[in-house]
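One letter stands for each residue in the lines below.
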Amino acid sequence: MRLTGILFSLLILLFGSYDISRGSELQRASAAYKEGDNDTALQTFKPIAEKGDMIAQFNLAKMYREGKGVSKDYKSAIKWFNLSAEQGNAAAQYHLGVAYSFGLGVVPDYEIALKWYLKSAEQGNAFAQHHLSLLYYFGNGVSEDKKYAYMWANLASLSGIEMAEQLRQVLTEQMTASQIDEALLLTRKCKDKNFNGC
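Read on for an overview of the structure.

### As for the state of the cysteines
Piece 1. For the structure shown, the criterion picks out one disulfide.
Piece 2. Note on cysteine connectivity: Cys190 is disulfide-linked to Cys198, with sulfurs 1.9 Å apart. Taking the torsion about the sulfur-sulfur bond, which here is approximately 95 degrees, the covalent link between Cys190 and Cys198 counts as right-handed.
Piece 3. Overall, the relative accessible area of 1% leaves Cys190 in the buried class.

Next up, the structure:
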């Protein structure tokens, strides 16, 4: 029994030091990126991203999208955003929604944009919530639905997104009092469910 405890402790130490090491590499890469040392950031992020780290994948995607340390390459950015998003990174999911909304490195497709915005919004990403409100308002990738547009705009505006507040005000002028009441009920239910299944 004592040998099992020692082996378990040894495994924690071994794997724990790997995570700490990877974490310090990520910190070094992030610091280099913030300081404009894109070569160091790229050289540090890339091997960590290739090992499957979603934060490194997200940062590498941004570098490709912005052309920092590499030539601007939306297709490579999409590849890395997708790998990160598939692991649940809300920011990467949001950026994929933007890419599919505007055709950045992909063929524009509002239905795919909707999927990624929704995954991000369900994790509380206010920018994704705002973009969802626009998709529902204009009927892009989803049937036009002012109640859901209001709900998502309201949720995003509660997080301080000014453009979402402006859309919410526009919707207030276009909707009946009972539609607004229904939208507010949807908002409360969505918040109660922590944005899941809204």
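### Concerning the pattern of salt bridges
Piece 1. Considering all chains together, one arrives at six salt bridges under this definition.
Piece 2. Ionic pairing is found between Lys146 and Glu144, a salt bridge with its closest N-O pair at 3.6 Å.
Piece 3. Given the relative accessible area of 27%, Lys146 is considered partly exposed.
Piece 4. Residue Glu182 pairs with Lys147 through a salt bridge whose shortest N-O separation is 2.9 Å. Of this pair, Glu182 sits in helix H10 (residues 177-192) while Lys147 sits in helix H8 (residues 146-158), placing them 35 residues apart in sequence.
Piece 5. The partly exposed category is assigned to Lys147, whose relative accessible area is 26%.

### Re helix H5 (residues 90-102)
Piece 1. Taking 1.5 Å per residue as the helical rise, H5 with its 13 residues ought to reach 18 Å, and the 19 Å between its terminal C-alpha atoms agrees with that figure.
Piece 2. Burial within H5 is extensive, with eleven of its 13 residues counted as buried.
Piece 3. Those residues of H5 lying buried are Ala90, Ala92, Gln93, Tyr94, His95, Leu96, Gly97, Val98, Ala99, Tyr100 and Ser101.
Piece 4. Contact partners of the buried residues in H5: helix H3 (54-66), helix H4 (74-86), helix H6 (110-121) and helix H7 (126-138).
Piece 5. Put simply, Asn89 is the residue that caps the front of H5, since its side-chain oxygen is 2.9 Å from the backbone nitrogen of Ala91.
Piece 6. Looking one or two places after H5, you find Gly103, whose phi comes out positive at around 70 degrees.

### Remarks on the environment of Leu60
Piece 1. Mapping Leu60 onto the fold places it in helix H3.
Piece 2. What makes Leu60 buried here is its relative accessible area of 0%.

### Observations regarding the packing of aromatic side chains
Piece 1. According to the stated counting rule, one finds five aromatic pairs in the structure shown.
Piece 2. When the centroid spacing of 5.7 Å and the interplanar angle of 50 degrees are considered together, the rings of Phe58 and Phe81 count as tilted. Here Phe81 lies in helix H4 and Phe58 lies in helix H3, a separation of 23 residues in the sequence. Per residue, the accessibility class of Phe58 equals that of Phe81, and both read buried.
Piece 3. Here the aromatic rings of Tyr137 and Phe138 are separated by 4.9 Å at their centres, their planes lie at 85 degrees, and the arrangement is edge-to-face.
Piece 4. You can call Tyr137 buried: its relative accessible area is 16%.
Piece 5. Connected via pairs of aromatic rings, a cluster forms that spans Tyr94, Tyr117 and Phe127.

### Focus: the side chain of His95
Piece 1. In this fold, His95 is placed in helix H5.
Piece 2. A distance of 2.8 Å separates polar atoms of two side chains, one belonging to His95 and the other to Arg65.
Piece 3. When residues no more than four places from it in sequence are discounted, the contact partners of His95 are Phe58, Arg65 and Phe81.

### Things to note about the nonpolar core
A general feature of soluble globular proteins is that nonpolar side chains tend to end up buried together.
Piece 1. Within the largest apolar cluster, 50 residues are counted, with the highest numbers of intra-cluster contacts made by Phe45, Phe81, Leu96, Tyr117, Leu132, Trp152 and Leu171.
Piece 2. In contact with Leu96, other than residues within four places in its own chain, are Ile78, Phe81, Asn82, Ala85 and Trp116.

### Some points on H6
Piece 1. With twelve residues, H6 should cover 16 Å at 1.5 Å per step; its first-to-last C-alpha distance of 16 Å lies within 8% of that length.
Piece 2. Where H6 is concerned, the buried positions are Ala113, Leu114, Trp116, Tyr117, Ser120 and Ala121.
Piece 3. Each element contacted by the buried residues of H6 is listed here: H4, H5, H7 and H8.

Here is what the cut-offs are and how they apply
- Residues numbered from 1 in each chain as written.
- Predicted model: local features only at pLDDT ≥ 70, side-chain atom pairs only at ≥ 80, totals over all residues.
- Heavy atoms only, no water.
- Disulfide = S-S within 2.5 Å.
- Buried < 20%, exposed > 50% of the residue type's maximum accessible area, 1.4 Å probe, protein only.
- Salt bridge = Lys/Arg side-chain N within 4 Å of Asp/Glu carboxyl O.
- Helix = DSSP H or I, 4+ residues; strand = E, 2+ residues; numbered from the N terminus.
- Expected span 1.5 Å × (residues − 1).
- Contact = heavy atoms within 4.5 Å.
- Polar contact = N/O pair within 3.5 Å; in protein donor to acceptor, adjacent residues only side chain to side chain.
- Phe/Tyr/Trp six-rings, centres within 6.5 Å; stacked < 30°, edge-to-face > 60°.
- Core = buried A, V, L, I, M, F, W, Y, C linked by side-chain atoms within 4.5 Å.

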